[in-house]
Amino acid sequence: MTEHANPDKHAVEVELQIDQVTVVTATEATATVRCTLGPVRRGARFDRIRDAVEAIDLELTQILTYHRSVEELDPVHTALVTLRGRGVRHLTSATPGPRRQIIQGTNPPPS
């Protein structure tokens, strides 16, 4: 497990790397992602795009791996995820080359 605690918020920081945004509406995006810091749990909130000034406020509402819904995604694994909230229009599919968009946020508190 490679998740990092944020001492100021007592929350766990997580990251998803965007590969392809497959569906975008005004408040929802479905994307193929890779977990780069986590594990990322359903309910995680993403509030920033690394190296970008655009503000986002997205909640991870679904994680699908091999056509099955799961509660969390471990680092280096890929999944199809649904993100809902403000800022979905800022999500972009990867372009050729090493640069891919990474969204950063925190997991929900443990239940």
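Residues numbered from 1 in each chain as written. Predicted model: local features only at pLDDT ≥ 70, side-chain atom pairs only at ≥ 80, totals over all residues. Heavy atoms only, no water.

## Quick look at the side chain of Glu15
Piece 1. By secondary structure assignment, the location of Glu15 is in strand S2 (residues 11-24).
Piece 2. Of the residues examined, Glu15 reaches a relative accessible area of 11% and is grouped as buried.
Piece 3. Filtering out sequence-adjacent residues up to four positions away, Glu15 remains in contact with Arg34, Cys35, Thr36, Leu37, Val40, Arg50, Ile102, Ile103 and Gln104. (Helix = DSSP H or I, 4+ residues; strand = E, 2+ residues; numbered from the N terminus. Buried < 20%, exposed > 50% of the residue type's maximum accessible area, 1.4 Å probe, protein only. Contact = heavy atoms within 4.5 Å.)

## Structural notes on the pattern of salt bridges
It is possible for side chains bearing opposite charge to pair when their charged atoms get close.
Piece 1. Per the counting criterion, the structure on display carries eight salt bridges.
Piece 2. Of the charged contacts, one joins Glu71 and Arg42 as a salt bridge, the two residues approaching to 2.9 Å between their closest N and O atoms. Residue Glu71 is found in the loop between strand S7 (68-69) and strand S8 (72-73), and its partner Arg42 is found in the loop between strand S4 (40-41) and strand S5 (45-49); the two are separated by 29 residues along the sequence.
Piece 3. For Glu71, a relative accessible area of 48% gives the class partly exposed.
Piece 4. Linked by salt bridges that have partners in common, Arg45, Asp57 and Glu59 make up one network. (Salt bridge = Lys/Arg side-chain N within 4 Å of Asp/Glu carboxyl O.)

## Brief notes about the nonpolar core
Piece 1. By size, the foremost hydrophobic cluster in this structure holds 24 residues, and its most contacted members are Leu16, Val40, Phe46, Leu60, Leu83 and Ile103.
Piece 2. Sorting the residues of this core by element identifies S2, strand S3 (28-37), S5, strand S6 (55-65) and strand S9 (78-86) as the ones contributing at least two each.
Piece 3. Filtering out sequence-adjacent residues up to four positions away, Leu60 remains in contact with Val40, Arg41, Arg42, Gly43, Ala44, Phe46, Val81, Thr82 and Leu83. (Core = buried A, V, L, I, M, F, W, Y, C linked by side-chain atoms within 4.5 Å.)

## A look at unusual backbone geometry
Piece 1. Following Gly38, the chain continues to Pro39 via a peptide bond in cis, the omega torsion being 20°.
Piece 2. Its location among the elements puts Pro39 in the loop between S3 and S4.
Piece 3. Of note, Asp51 is a non-glycine position whose phi angle comes to about 60°, a positive value.
Piece 4. Looking at the element boundaries, Asp51 is found in the loop between S5 and S6.
Piece 5. Notably, His67 is not glycine yet its phi reads approximately 65°, a positive angle.

## A few points about the environment of Val24
Piece 1. Mapped onto the elements, Val24 comes out in strand S2.
Piece 2. Distance from Val24 to Val53, taken between C-alpha atoms, is 20 Å for residues 29 residues apart in sequence.
Piece 3. With residues near it in sequence (within four places) discarded, Val24 still touches Ala29 and Val88.

## Remarks on the pairing of S6
Piece 1. Looking at chain direction, S5 and S6 are connected through three bridges and run antiparallel. Bridge pairing in S6 places Phe46 opposite Leu58.
Piece 2. Strand direction decides the pairing type here: S6 and S9, joined by seven bridges, are antiparallel. Bridge pairing in S9 places Leu64 opposite Leu80.
Piece 3. Here two bridges tie S6 to S7, and the two strands are oriented antiparallel to one another. Looking across to S7, one finds that Thr65 is bridged to Arg68.
Piece 4. Where S6 folds back onto S7 in an antiparallel hairpin, the turn is made up of two residues, including Tyr66, whose phi is positive at roughly 50°. (Pairing = 2+ DSSP bridges.)

None of the figures reported here should be taken as evidence of function without further support.
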